[in-house]
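# Structural description and commentary
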Amino acid sequence: MPPAVRPTYGSLPGLLALLLLVLAGAGPAAAAERPVVELSASQAGTGGSVTVGGSGWRPRALLTLLVCGQAEPKRGVTGGTNSCANADGRAVTTDAEGRFRRELPVVEPPVPCPCVVHVATVTGAGAEADAALQVAGHAVEPLPADASGGRLSLLADTRLRGSGGLLTWFGSPPARTLVVTVGNVGTSPVRDPVFQVGTSHGVFAPEWQDQRWRGTIRPGGKARVELPVELASGAHGDYTVTLKYGGKVLAEHPWGVGRPWGVTLFWVLALLVVPAALFRAALAVVDRVHPRRPGHAARPARRVRLPAARRSAAAPWFAPEADRSEARRP
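Now for a look at the structure at hand. (Residues numbered from 1 in each chain as written. Predicted model: local features only at pLDDT ≥ 70, side-chain atom pairs only at ≥ 80, totals over all residues. Heavy atoms only, no water.)

Most peptide bonds take the trans form, and the phi angle of most residues other than glycine is negative. Along the chain, Cys113 connects to Pro114 via a cis peptide bond; the corresponding omega equals 20 degrees. Note on placement: Pro114 falls in the loop between β8 (100-105) and β9 (115-121). (Helix = DSSP H or I, 4+ residues; strand = E, 2+ residues; numbered from the N terminus.)

In structure tokens, the structure reads:
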């Protein structure tokens, strides 16, 4: 019988080191996973549809699917969501593994192709990805040359400057100033960059607005950028302000907007004052139609007293007995 082979303690550190290397190799691979978008067909005509699938997204995340023009997967949507067919977009929620599958109608975007199917998160941490799509019969124009090698990156946390006032308390549009510090990590200056500022409420997609910042950011330099942000009149609740540049999300910042209680107070007073005024007006109309007569109130009846002689003459039966006997004589 061969002797039993016992593991030496010297081999244990080697096994542990090998296990750590395997885990270390798996960790970066998992962390490096990025959102992916795949299409069932790379070309489709208007009126048709394509099936959009994806993986590597955040679990239970709400996504928007759009057909956008003047875009490439490498450069993103150069014109922002204004280059997309927003009215014909679709929404989808990823599963527990960050996957999704959704049918998307093919429509012509408002700008020429090259076109992509643009997928982006609606809430939470920003993420987006594109897949090339040829829209048959739609005009095609080359993308503008990327003459600038400058690329902007966020260097500091964002903040919203400003506060509400009396007018906001009565329903005036809430307004703030988005303050960010960006740096040019590219090789050429960035002149008068155009940012996209979006505001979203709840699960709704952001409403984007292009804003140009005047100035030049040289390679390796940084700049403090201030952009105005304004909501609709009477807006209240939890909002999210998103900043994009070159089709990429640079920052997101929450914004809690208080309820305009002045409007509520106004309606409460209106409900109290208006009925009282109507009641007084109704009384005035009644008084005008049916005026009160002077001395209309009932007065006690007056007793008429007759003189004694007239009482006896008019009513002899009230006279004494002797008088009545004399009255009977002929």
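Turning next to the sheet that holds strand β10 (residues 128-136). Judged by pairing direction, the sheet is mixed, and its 5 strands sit side by side in the order β2-β10-β9-β4-β7 without closing on themselves. Two strands bound the open sheet, and with one partner strand each, they are β2 (43-45) and β7 (90-93). When strand polarity is set aside, the average angle formed by the axes of neighbouring strands in this sheet is 35 degrees. Of the strand pairs in this sheet, β9 and β10 are connected by 6 bridges, and their pairing is antiparallel. Bridged to Val119 within β10 is Ala129. (Pairing = 2+ DSSP bridges. Axes fitted to C-alpha atoms, helices over the stretch in contact; angles between N-to-C directions.)

The sheet built from 4 strands is open, its strands ordered β16-β15-β19-β20 with antiparallel pairing. Either end of the sheet is taken by a strand with one partner, and the two such strands are β16 (207-212) and β20 (248-257). Each strand axis lies, on average, 25 degrees off the axis of its neighbour in the sheet, ignoring direction. Of the strand pairs in this sheet, strand β15 (residues 194-201) and strand β19 (residues 237-245) are connected by 6 bridges, and their pairing is antiparallel. Bridged to His201 within β19 is Tyr239.

Our focus in this paragraph is the pairing of β20. Strand direction decides the pairing type here: β19 and β20, joined by 9 bridges, are antiparallel. Counted as the bridge partner of Tyr245 is Lys248 from β20. Counting the residues that bridge the hairpin from β19 to β20 gives 2 residues, and of these Gly246 lies at a positive phi of roughly 65 degrees.

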